[in-house]
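Take a look at the letters that make up each chain.
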Amino acid sequence: IPQQESVSRISRKVHFLQQVLRSTLREAALPASSHLRHPMPWPPEYQRASVDFEKFMVAARDHAGLATTNMAWNMVEGVLHAFRRRLTIEQALRFADQLPPAVRGLFIEGWRPSEQVAHVGTRTEILEEVRSLRREHNFSPDNAMESVGFALFEVVPSDAFARALDALPPEL
């Protein structure tokens, strides 16, 4: 009989835990009208962000004639940052809105919006600025700016690319 009592006590505890679990699940259940019953999937551009970024880096590397995407990294970062420095805050944000998420992140990385907008300057001056980024590891060729532009064209849909260009000042 003592064994039966302990089995009975265990059975009551299990029954109690089942009731608590059912009650918790009922409380957590979503109301029938809730928009959460059919949640919106996360946007595809975020689902494929790493694939799009790899495609961008490979396009920049290939167009620049570089051997690896590691070699292309400083070129890409240098071009994006040199370009961003020549835009107002509004222009930079309008441009960034059209970029894929990972490229957008690199574009705004380290940005100090309070800094004065750099003058456009000459192509040679901009290229020198690009090459000054981690100079000892920078393999930016003469066509660095075109290579990054070509890579952007590869990964940014044509309508978004047109909007990105519309955000730019005419001198760029």
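Fair warning: this is a prediction, and the values are worked out from it, not measured in the lab.

Things to note about the packing of helix α4 (residues 69–84) against helix α7 (residues 123–132)
One way to put it is that α4 packs onto α7 with a least axis distance of 8 Å and a crossing angle of 130°. The angle between α4 and α7 falls in the class oblique. Crossing angle aside, the handedness with which α4 passes α7 is right-handed. Mapping the contact onto sequence places Met75, Gly78, Val79 and Ala82 in α4 and Ile126, Glu129 and Val130 in α7. Per-class residue counts for the contact of α4 with α7 are five nonpolar, one polar and one charged.

As for the nonpolar core
Grouped together as the largest cluster of nonpolar side chains are 36 residues, with contacts concentrated most on Phe56, Met75, Val76, Phe95, Phe107, Val148 and Leu152. When contributions to this core are tallied by element, the ones reaching two or more residues are α3 (49–64), α4, α5 (89–96), α6 (101–108), α7, α8 (144–155) and α9 (158–166). Setting aside its immediate chain neighbours within four residues, leucine 152 contacts Phe56, Phe95, Leu99, Val103 and Phe161.

Regarding unusual backbone geometry
Phi at arginine 134 is positive, roughly 45°, even though this residue is not glycine. Position of arginine 134 among the secondary structure elements: in the loop between α7 and α8. Overall, arginine 134 belongs to the partly exposed group, its relative accessible area being 36%.

So, the environment of asparagine 70
Looking at the element boundaries, asparagine 70 is found in helix α4. Each C-alpha atom, one on asparagine 70 and one on valine 58, is 10.0 Å from the other, the two residues being twelve residues apart in sequence.

Points about the packing of α3 against α8
Packed helix pairs are specified by the crossing angle of their axes together with the interaxial distance, meaning the distance between the axes. It is at 8 Å that the axes of α3 and α8 come closest, and there the two elements cross at 145°. Crossing angle aside, the handedness with which α3 passes α8 is right-handed. Counting all contacts with α3, which are made through Asp52, Lys55, Phe56, Ala59, Ala60, His63 and Ala64, the residues of α8 involved are Glu146, Ser147, Val148, Phe150, Ala151, Leu152, Glu154 and Val155. Among the residues forming the contact of α3 with α8, the class breakdown is nine nonpolar, two polar and four charged.

A closer look at the pattern of salt bridges
Where charged atoms from two side chains of opposite charge come close, those side chains can pair. Per the counting criterion, the structure on display carries nine salt bridges. Here glutamate 128 and arginine 135 are joined by a salt bridge, their closest N and O atoms 2.6 Å apart. Accessibility expressed as a relative area gives 40% for glutamate 128, which makes it partly exposed. Residue arginine 135 is classed as partly exposed on the basis of its relative accessible area, which comes to 45%. Between aspartate 142 and arginine 131 there is a salt bridge; the shortest N-O distance is 2.7 Å. Of this pair, aspartate 142 sits in the loop between α7 and α8 while arginine 131 sits in helix α7, and the two are eleven residues apart along the sequence. Judged by its relative accessible area of 51%, aspartate 142 falls in the exposed class. The class of arginine 131 is partly exposed, set by a relative accessible area of 25%.

Comments concerning the side chain of serine 147
Its place among the elements puts serine 147 in helix α8. Here alanine 64 takes part through its backbone nitrogen, which lies 3.3 Å from a polar atom of the side chain of serine 147.

Focus: the packing of aromatic side chains
Counted according to the given criterion, the structure contains five aromatic pairs. Ring centres of phenylalanine 53 and tryptophan 73 lie 6.3 Å apart, and the angle between their planes is 75°; this geometry places the pair in the edge-to-face category. Here tryptophan 73 lies in helix α4 and phenylalanine 53 lies in helix α3, a separation of 20 residues in the sequence. Seen from their ring centres, phenylalanine 153 and phenylalanine 161 are 5.2 Å apart, and the 80° between their planes marks the pair as edge-to-face. For phenylalanine 153, a relative accessible area of 48% translates into the label partly exposed. For phenylalanine 161, a relative accessible area of 18% corresponds to the buried category.

Rules used in this analysis
- Residues numbered from 1 in each chain as written.
- Predicted model: local features only at pLDDT ≥ 70, side-chain atom pairs only at ≥ 80, totals over all residues.
- Heavy atoms only, no water.
- Axes fitted to C-alpha atoms, helices over the stretch in contact; angles between N-to-C directions.
- Helix = DSSP H or I, 4+ residues; strand = E, 2+ residues; numbered from the N terminus.
- Parallel < 35°, antiparallel > 145°, perpendicular 65-115°, else oblique.
- Left-handed = near helix turned anticlockwise from the far one by under 90°.
- Contact = heavy atoms within 4.5 Å.
- Nonpolar A, V, L, I, M, F, W, Y, C, P; charged D, E, K, R; others polar.
- Core = buried A, V, L, I, M, F, W, Y, C linked by side-chain atoms within 4.5 Å.
- Buried < 20%, exposed > 50% of the residue type's maximum accessible area, 1.4 Å probe, protein only.
- Salt bridge = Lys/Arg side-chain N within 4 Å of Asp/Glu carboxyl O.
- Polar contact = N/O pair within 3.5 Å; in protein donor to acceptor, adjacent residues only side chain to side chain.
- Phe/Tyr/Trp six-rings, centres within 6.5 Å; stacked < 30°, edge-to-face > 60°.

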